[in-house]
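Residue-level listing of the chains:
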Amino acid sequence: MTGDGTTHLPRADVLVRCGQIADIDASGYLHKNLEDHVDVIDCSGCTIIPGIINAHAHGCIHGPSMPSGSVGLGVSEVEHHRNRHLLEGTTTLLNVCGLAFPDEIDEGSATSHPMDIHVSTAHTRSNIEAALSIDGAGLSARHIHGEIDRLLTQGAKALGEAGGGQTLGGGAQEYRFIPEAIRRETGLNIDPSIARRLKNAIVGRHLDPQAGVPDEELQTILDASGLGRTRADQIRSIVINSVMPSVSLALTGFEEIARQSLRVGYPAIFHNAAPTANLLIALAEKYPAAQIVAGHSNHPMFMPDEAVDVAAKLRDRGAVIDVSTLDCISTRWRNDAVNFDALIGSGLVDTISTDFAGGHWDGILEAIHRIIRKKQMSAPAAVALATGNVSRIFPQLAGDRGFIEKGKRADIVVADRTNLSRVRDVFIAGRMVVRNGRIV
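Keep in mind that this is a model prediction, so the values were computed, not measured.

## Focus: the packing of helix α11 (residues 304-316) against helix α12 (residues 338-346)
Here is step 1: Their axes nearest at 9 Å, the elements α11 and α12 cross at an angle of 40°. Considering the angle they form, α11 stands oblique to α12. Here α11 runs over α12; the crossing is right-handed. Together, P304, A307, V308 and A311 of α11 and V338, N339, A342, L343 and S346 of α12 make up the contact between the two elements.
Here is step 2: Class assignment for the residues of the contact of α11 with α12 results in 7 nonpolar, 2 polar and no charged.

## With respect to the sheet that holds strand β15 (residues 438-439)
Here is step 1: Pairing is antiparallel across the open sheet formed by 5 strands, whose spatial order is β3-β12-β13-β14-β15. Edge positions in the sheet fall to β3 (46-50) and β15, since each has one partner strand and no second.
Here is step 2: Where strand β12 (residues 412-416) meets strand β13 (residues 423-428), 4 bridges bridge the pair, whose relative direction is antiparallel. Paired with A415 across the two strands is V423, which belongs to β13.

## Description of the layout of surface pockets
Sizing a probe to match a water molecule and rolling it over the atoms shows the empty space that remains.
Here is step 1: The calculated volume of the largest pocket comes to roughly 1,200 Å³.
Here is step 2: Surrounding the largest pocket, 36 residues form its lining, A12, D13, V14, I41 and I48 being those nearest its centre.
Here is step 3: Elements with a contribution of two residues or more to the lining of the largest pocket: β1 (13-17), β3 and β12.
Here is step 4: Looking at the lining of the largest pocket element by element, the count peaks at 5 residues for β1.
Here is step 5: Taken together, the residues of the lining of the largest pocket sort by class into 20 nonpolar, 10 polar and 6 charged.
Here is step 6: Empty space within the second largest pocket amounts to approximately 270 Å³.
Here is step 7: Lining of the second largest pocket is provided by 18 residues; of these, R196, P300, M301, F302 and N339 occupy positions nearest its centre.
Here is step 8: Of all the secondary structure elements, the ones that give two or more residues to the lining of the second largest pocket are α6 (192-202) and α12.

## A short note on the sheet that holds strand β6 (residues 116-119)
Here is step 1: Spatial ordering of the open sheet is given by β4-β5-β6, a layout of 3 strands whose pairing is parallel. Strand pairing shows two members of the sheet lacking a second neighbour, β4 (52-57) and β6, which therefore form its edges. Geometrically, the sheet is characterised by an average inter-axis angle of 15° between neighbouring strands, direction not taken into account.
Here is step 2: Examined bridge by bridge, β4 and strand β5 (residues 90-95) share 4 bridges and lie parallel to one another. Opposite N54, over in β5, you have L93 as the bridge partner.
Here is step 3: Lying on the sheet, helix α1 (residues 75-87) is in contact with β4, β5 and β6; it crosses β5 at an angle near 135°.

## Re the pairing of strand β10 (residues 320-324)
Regular strands place side chains that alternate from one sheet face to the opposite one.
Here is step 1: Burial within β10 is extensive, with 5 of its 5 residues counted as buried.
Here is step 2: Where burial is concerned, the two faces of β10 agree: the one with V320, D322 and S324 and the one with I321 and V323 are both buried.
Here is step 3: When strand β9 (residues 292-295) meets β10, the two strands line up parallel, connected through 2 bridges. Each residue of the ladder has a partner; that of V293, found in β10, is V320.
Here is step 4: Once the chain exits β9 it traverses α11 before rejoining the sheet at β10, and the crossover so formed is right-handed.
Here is step 5: Pairing of β10 with strand β11 (residues 351-353) involves 3 bridges; the strand directions are parallel. Looking across to β11, one finds that D322 is bridged to T351.
Here is step 6: The β-α-β motif built from β10, the intervening α12 and the parallel element β11 has right-handed crossover chirality.

The rules we used
Residues numbered from 1 in each chain as written. Predicted model: local features only at pLDDT ≥ 70, side-chain atom pairs only at ≥ 80, totals over all residues. Heavy atoms only, no water. Axes fitted to C-alpha atoms, helices over the stretch in contact; angles between N-to-C directions. Helix = DSSP H or I, 4+ residues; strand = E, 2+ residues; numbered from the N terminus. Parallel < 35°, antiparallel > 145°, perpendicular 65-115°, else oblique. Left-handed = near helix turned anticlockwise from the far one by under 90°. Contact = heavy atoms within 4.5 Å. Nonpolar A, V, L, I, M, F, W, Y, C, P; charged D, E, K, R; others polar. Pairing = 2+ DSSP bridges. 1 Å grid on protein atoms, 1.4 Å probe; cavity = no way out; pocket = protein on both sides within 12 Å on 5 of 7 lines; lining within 4 Å. Points joined across faces, edges and corners; volume = space filled by probe spheres on them. Buried < 20%, exposed > 50% of the residue type's maximum accessible area, 1.4 Å probe, protein only. Right-handed = clockwise from strand over helix to strand, strands pointing away.

Here you go:
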């Protein structure tokens, strides 16, 4: 499957030379006429697809982490995340934490990785202030004074992520910030599902403390959650103080990034969720020439019909609709696939990414296998969501790859023909980096 969304060659040979795709033979007999020095890899029983391009991931670089500018992850944790992506078929990855520099992708040659990893930039005043208001412990003076033009010159490939689960009351508040705040103030440990329930009760899906439930109802929720010895007003104050300080700054940062996208001509990734949807629609109208990518449009803060309605309005205004696997395909740690399925079924989706989900994301090819199995799209069209479509939308990141096409970079995945999520071999620029499911 070539990545163009339609082409599926039942039997074909792909010739790779000097890191590029040199020829494609749909008859499948090219290998019989090659010179003896050419290596032949038998992919019988498999499907050849372009390498996966993941344009919305976190946790794969060594600089400041997340839109909150938190301290970067440890070397071993970054390596683990990178290896997981590679073994899932990803050959190009955009880390969209947004406040790191390109020279922080690796920490010297010892941490380099065969996967092609890049960063985005969200260095505007309000986005940096939002990070500092929620955390910012990983930001140095150079990060705080970073400028988008300088970052693009140094190699950043996109703008964003504008907003995030940390600064806009999303998943990171549930699995990190709210539990940390409650533990700090009360000594109690809560799991992310309880944090989500408390957050939704106190500030709602649209982050409005005035719309929270009364103390009597909140106390009932606390009792049912094993927190009955805490006071409703205390927990309310903790949650509001954790979620709300960064929200207005992050929303202001949305327009800053939209203006910058219009000015520099790079795609910009936005946190698309219930609290940001109306603003994002308005920005798509106000800046029609900006390249707006509505990230994780299946965000769990949406109801299914709401997710589809928002995506349709954004698509009508020229925005790109991205969905993320999160943990909703097979892991089901906090989320399920109802919004994902609704958007795929609506025909509104342009790209698939993973996002992060606290490090519990599911592989993109798992999602593609689900789409194919449910017969929501043809196999070539589903594969294009993570290959050719991403290449077209992010030319600075992946314009030379994403297709099995003569002259393109030879980023290639060999996967099981009945379940594409079972990756056998991976090639990056023609070099085998995964063989028989093992990094080499």
